[in-house]
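Residue strings, one per chain:
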There are 2 protein chains.
Amino acid sequence: MTETVDTVRDTKERILDAAESLFARHGFAAASLRQITADAGVNLAAVNYHFQSKEELFVAVIKRKIEPINARRLALLDGLESQLPDVVPSLEQVIRVFFRPVFEAQLLGVELGNFPKLLGRFYSEPGERVARVLGDAFGVVLERFGRAFRRALPGLTGKDLAWGAHFMIGSMAHYLAAGEILKFMSRGQVDALDTEEAYERLVAFAAAGLEAMASAREKHA
Amino acid sequence: MTETVDTVRDTKERILDAAESLFARHGFAAASLRQITADAGVNLAAVNYHFQSKEELFVAVIKRKIEPINARRLALLDGLESQLPDVVPSLEQVIRVFFRPVFEAQLLGVELGNFPKLLGRFYSEPGERVARVLGDAFGVVLERFGRAFRRALPGLTGKDLAWGAHFMIGSMAHYLAAGEILKFMSRGQVDALDTEEAYERLVAFAAAGLEAMASAREKHA
DNA sequence: GTTTCAGTCATACGTATGTTTTAATCATAC
DNA sequence: GTATGATTAAAACATACGTATGACTGAAAC
């Protein structure tokens, strides 16, 4: 009984694993189903059987990674807010909670695989594909964290927050997708794989930047 | 005489224009030479004649856009530093000079086309392709601006700078490549096409973030 | 013990890809 | 006015793509 199910799961997950790696390394269009199924050691037709299309496979790959992260984000934020109900979480605390799940797996020594590059690349994949996942997966997260950010920084308007969050996510995405450039830019001084440092750096950069959004608004108009 | 030359320029540039637009909209792999040449109104073989391959065409498209921007960056930095030789340019001034050429064309009312998305996407295109252009085009810029940043923020170490610059570029790239997400995230409050505001926001975010890199270092180890 | 059914398999379809080849075209130099 | 060298045009090249089909498998259901 479990045998049949496990075989299925194995095939589906082997496809997902191989697809994740290839999508991350080559992008959606350049990763062929033939190479994906070859790497996964399954038949070519298995993709269209288990998922309906290459497109759906891509969505499944993204969702498998993003959904646990967003769930963890919400859980951490819940913990932060319910722990001391009267204390408003600081900006840095909220930012840490937002970024931590992305780094967490690797910090815990778990294999993170090609997820970073995949997630980074995901943001620059053509529209339609991304929009669907984005709406589904980030709706609640955006809402909850938006409130948390504005409680931490009462001066922040909706526009301030949108700009700040956008740059914040951009910094993260670029680090995830193009971390190797860091080694090039720093002439080897910085190792992008030092996740602990990357996390601290990102938090510091984002916190300062977000805080600066309020004053920038006054400057502009 | 000029006729021949202009015809050449026309064909090559029509290809470059069409390629730029399609690479920006669909990425490298998904933009086909047939669609590029059809949009450009030239023959399919013209691409392999004028450029040797699709790959070289991509490099040419990127270089055509990046080189003037980097030249302008250096010129602006020269102006800043030679204007008052005894005054060290401030962090914000240097950052403005670094970002300005990217926004300038649009600020001046010149058609910027699909360049923003292309440049943003460029950062997440697979490695080999990008690395060549990156090394060629950004070597001098990196060196000169590195010095300028460290003069503006004497506390900054090489590592601080590398992290800060990386996040800075990430914020810009993400804005350029995925500006539409901004409208989604802000529930329509923010129009990413307001270049003037984007520029001010980006400068403010990056300046604050970069400044924060020095203190973050102490925190980490 | 046969039916059922999810899963896998090899294979083929039609289309699209980047590139190459062969001929024609054209302005210019002699 | 014709030879020349550079562009373009049209067609074909081999290969790769995503998807669909129909046969086969093996175990559970009745």
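Fair warning: this is a prediction, and the values are worked out from it, not measured in the lab.

Comments concerning the overall build of chain A
When you go through chain A residue by residue, the secondary structure sums to nine helices and zero strands. Tracing chain A from N to C terminus, the helices and strands come up as α-α-α-α-α-α-α-α-α. Each of the 221 residues in chain A was classed as buried or not, and the buried ones make up 42%. Put simply, 73% of the contacts in chain A that link residues at least 6 apart link residues at least 24 apart.

Remarks on the interface of chain A and chain B
A common measure of how large an interface is: the accessible area buried when the components associate. Listed as interface residues are 47 residues of chain A and, on the opposing side, 47 residues of chain B. Mapped onto the side of chain A that touches chain B, the elements with two or more residues apiece are α1 (2-30), α6 (115-122), α8 (158-185) and α9 (195-220) of chain A. Ranked by residues supplied to the side of chain A that touches chain B, first place goes to α8 of chain A with 19 residues. Taken together, the residues of the side of chain A that touches chain B sort by class into 25 nonpolar, 15 polar and seven charged.

Some words on the environment of Gln 93 of chain B
With respect to the element layout, Gln 93 of chain B can be found in helix α5 (residues 91-107). Gln 93 of chain B sits 87 residues away from Glu 180 of chain B along the chain, and the two C-alpha atoms are 28 Å apart.

What to know about the relation of the copies chain A and chain B
Between chain A and chain B, the superposition needs a rotation of 180° and an axial shift of 0.0 Å, giving an RMSD of 0.1 Å. These values place the two chain copies in the arrangement generated by a two-fold rotation axis.

Some details on the confidence of the model for chain A
All names here are of chain A. In the predicted model, chain A carries a mean pLDDT of 82, and the fraction of residues at 70 or more is 79%. Segment residues 1-6: pLDDT under 50, and zero contacts once partners within four positions in sequence are set aside and those in other chains are kept. This model gives residues 107-112 a pLDDT under 50, and the stretch forms five contacts once residues within four places in sequence are excluded.

Description of the nonpolar core
Grouped together as the largest cluster of nonpolar side chains are 86 residues, with contacts concentrated most on Phe 99, Met 172 and Leu 202 of chain A together with Phe 99, Met 172 and Leu 202 of chain B. Mapped by element, the contributors of at least two residues to this core are α5 (91-107), α7 (127-152), α8 and α9 of chain A together with α5, α7 (127-152), α8 (158-185) and α9 (195-220) of chain B. What Leu 202 of chain A contacts, discounting residues up to four positions off in sequence, is Phe 99, Ser 171, Met 172 and Tyr 175 of chain A together with Phe 167 of chain B.

Examining helix α4 (residues 54-83) of chain B
All names here are of chain B. The end-to-end C-alpha separation of α4 is 44 Å, in line with the 44 Å expected for 30 residues at 1.5 Å each. Of all bends in α4, the biggest is about 30°, found at Lys 63. What α4 keeps buried is the set Leu 57, Phe 58, Val 61, Ile 62, Lys 65, Ile 66, Asn 70, Arg 73 and Leu 77.

Examining unusual backbone geometry
It is generally the case that most residues other than glycine have a negative phi and that most peptide bonds are trans. You will see that Arg 187 of chain B, though not glycine, has its phi angle at about 55°, which is positive. Take Arg 187 of chain B: it is sitting in the loop between α8 and α9.

Observations regarding the environment of Tyr 199 of chain B
All names here are of chain B. Within the secondary structure layout, Tyr 199 lies in helix α9. With 20 C-beta atoms counted inside 10 Å, the residue Tyr 199 sits in the buried group. Here Tyr 199 is in contact with Phe 99 and Phe 103, once residues within four sequence places are set aside.

Side note on the packing of α8 of chain A against α8 of chain B
Two elements in contact, α8 of chain A and α8 of chain B, have axes whose closest approach is 5 Å; the angle formed by their N-to-C orientations is 135°. Classified by the angle between their axes, α8 of chain A and α8 of chain B sit oblique to one another. For the crossing formed where α8 of chain A meets α8 of chain B, the hand is right-handed. Residues that form the contact of α8 of chain A with α8 of chain B fall into these classes: 18 nonpolar, eight polar and no charged.

Description of the environment of Arg 14 of chain A
All names here are of chain A. If you trace the backbone, Arg 14 turns up in helix α1. The exposure class of Arg 14 is partly exposed, given the 17 C-beta atoms found within 10 Å. Sequence separation between Arg 14 and Gly 139 is 125 residues, and the spatial gap between their C-alpha atoms is 29 Å.

Cut-off values and rules
- Residues numbered from 1 in each chain as written.
- Chains lettered and ligands numbered in written order.
- Predicted model: local features only at pLDDT ≥ 70, side-chain atom pairs only at ≥ 80, totals over all residues.
- Helix = DSSP H or I, 4+ residues; strand = E, 2+ residues; numbered from the N terminus.
- Buried ≥ 20, exposed ≤ 12 C-beta atoms within 10 Å, placed from the backbone.
- Contact = placed C-beta atoms within 7 Å.
- Nonpolar A, V, L, I, M, F, W, Y, C, P; charged D, E, K, R; others polar.
- Least-squares fit on C-alpha atoms with pLDDT ≥ 70 in both.
- pLDDT = per-residue confidence, 0-100.
- Core = buried A, V, L, I, M, F, W, Y, C linked by C-beta atoms within 7 Å.
- Expected span 1.5 Å × (residues − 1).
- Bend = angle between axes of the 7 residues up to and from the residue.
- Axes fitted to C-alpha atoms, helices over the stretch in contact; angles between N-to-C directions.
- Parallel < 35°, antiparallel > 145°, perpendicular 65-115°, else oblique.
- Left-handed = near helix turned anticlockwise from the far one by under 90°.

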